[in-house]
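Okay, here's what each chain looks like letter by letter:
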Amino acid sequence: MDSFEKLLATLKQITSLQPEEEQLYRKAFQPFSLKKNEYFLQSTAINYQLGFLTKGLVRYFVFKNEEESTLEFTKEGEFVADYASFISKEPSIQNIQALEDCEFLVIDYDALQQLYKTAPSANLLGRIIIEHRFIIMVNQLLTVHRYSPEERYRYFLTHYKDLVQRIPQYLIASYVGVKPQSLSRIRKRIL
């Protein structure tokens, strides 16, 4: 299945698309790739593109007390962006980095606005995708403020179980908010 077929299949899980809409999506999105460790977005830059990840894995992170703090992971079949920066056109405080070689389909803000005007399904799709991203962000925020490191690790295992083998332990520790040695102790207690 090629990248555009993956995008269309994901969109069709949300709503049906007319053949002419499919063509609009194919024209609006452009292929883009990153090598492992390259950045989709670096802090202080403006997020000009919304990406649909067709292959690979990325992480979102910020610097907290001069250390990297991982916020979340996004895998193939999901959208990638700092939506606040993308919409406001203001510099991001987040970094989005490829953890594996990645392939995307990307769309810029103006092309997305045009898609909203021309594809009948686009507004519904955009709203549902943003609602999904909002839920992820709220859940992440709540886990940081409500859960102990052990509970955050359990949350990680539940919500990212398909990624456990793809993410280095030091990045899982960063996500949980502990040093790698502390994560090892947590893992021994719960496994």
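Computed from a predicted structure; not experimentally measured.

Thoughts on the pattern of salt bridges
Next, step 1: By the definition in use, this model includes 12 salt bridges.
Next, step 2: In this structure, the salt-bridge partner of Lys-75 is Asp-162, at a minimum N-O distance of 3.5 Å. You can see Lys-75 sitting in strand S5 (residues 67-75) and its partner Asp-162 sitting in the loop between helix H6 (149-159) and helix H7 (169-176), a full 87 residues away along the chain.
Next, step 3: Judged by relative accessible area, Lys-75 falls into the partly exposed class, the value being 22%.
Next, step 4: Given the relative accessible area of 45%, Asp-162 is considered partly exposed.
Next, step 5: Between Arg-166 and Glu-100 there is a salt bridge whose closest N-O contact spans 2.8 Å. On the criterion of sequence distance, the pair formed by Arg-166 in the loop between H6 and H7 and Glu-100 in the loop between strand S7 (95-98) and strand S8 (102-108) is long-range, its members being 66 residues apart.
Next, step 6: Judged by relative accessible area, which is 27%, Arg-166 ranks as partly exposed.
Next, step 7: What emerges from the salt-bridge pattern is a single network uniting Lys-75, Glu-78 and Asp-162.

Some points on the packing of H7 against helix H8 (residues 180-190)
Any two packed helices are characterised by the angle at which their axes cross and by the distance between the axes.
Next, step 1: Two elements in contact, H7 and H8, have axes whose closest approach is 9 Å; the angle formed by their N-to-C orientations is 90°. Taken together, the axes of H7 and H8 are roughly perpendicular relative to one another. On the side of H7, the interface is formed by Gln-169, Tyr-170, Ile-172, Ala-173 and Val-176, while H8 contributes Pro-180, Leu-183 and Arg-187.
Next, step 2: Of the residues that constitute the contact of H7 with H8, the class distribution is six nonpolar, one polar and one charged.

A look at the pairing of S7
Consecutive side chains of a regular strand alternate in pointing toward one face of the sheet and then the other.
Next, step 1: Alternating residues of S7 divide into Asn-95 and Gln-97 and Ile-96 and Ala-98, and every residue in both groups is buried.
Next, step 2: As paired elements, strand S2 (residues 39-41) and S7 share two bridges and run antiparallel to each other. Of the residues in S7, the one forming a bridge with Tyr-39 is Gln-97.

Digging into helix H1 (residues 3-12)
Next, step 1: Among the residues of H1, those classed as buried are Ser-3, Phe-4, Leu-7, Leu-8, Thr-10 and Leu-11. For H1, the buried positions fall inside an angular range of 160° around the axis, keeping them on one side.
Next, step 2: The backbone nitrogen of Phe-4 has a side-chain oxygen 3.1 Å away, supplied by the residue at the start of H1, namely Asp-2.

Looking at the sheet that holds strand S3 (residues 49-55)
Next, step 1: Spatial strand order, S1-S8-S3-S6: four strands in an open sheet with antiparallel pairing. Strands at the two margins of the open sheet, each flanked by one partner only, are strand S1 (30-34) and strand S6 (78-80). With strand direction ignored, the average angle separating the axes of adjacent strands in the sheet is 35°.
Next, step 2: As paired elements, S3 and S6 share three bridges and run antiparallel to each other. Across the sheet, residue Phe-52 finds its bridge partner in S6, namely Phe-79.
Next, step 3: In the packing of H1 onto the sheet, the strands contacted are S3, S6 and S8, and the crossing angle to S3 comes to about 105°.
Next, step 4: Each of S3 and S8 touches helix H4 (residues 109-118); the most contacted strand, S8, lies at about 70° to it.

How each quantity is defined
- Residues numbered from 1 in each chain as written.
- Predicted model: local features only at pLDDT ≥ 70, side-chain atom pairs only at ≥ 80, totals over all residues.
- Heavy atoms only, no water.
- Salt bridge = Lys/Arg side-chain N within 4 Å of Asp/Glu carboxyl O.
- Helix = DSSP H or I, 4+ residues; strand = E, 2+ residues; numbered from the N terminus.
- Buried < 20%, exposed > 50% of the residue type's maximum accessible area, 1.4 Å probe, protein only.
- Axes fitted to C-alpha atoms, helices over the stretch in contact; angles between N-to-C directions.
- Parallel < 35°, antiparallel > 145°, perpendicular 65-115°, else oblique.
- Contact = heavy atoms within 4.5 Å.
- Nonpolar A, V, L, I, M, F, W, Y, C, P; charged D, E, K, R; others polar.
- Pairing = 2+ DSSP bridges.
- Arc of directions from axis to C-beta.
- Polar contact = N/O pair within 3.5 Å; in protein donor to acceptor, adjacent residues only side chain to side chain.

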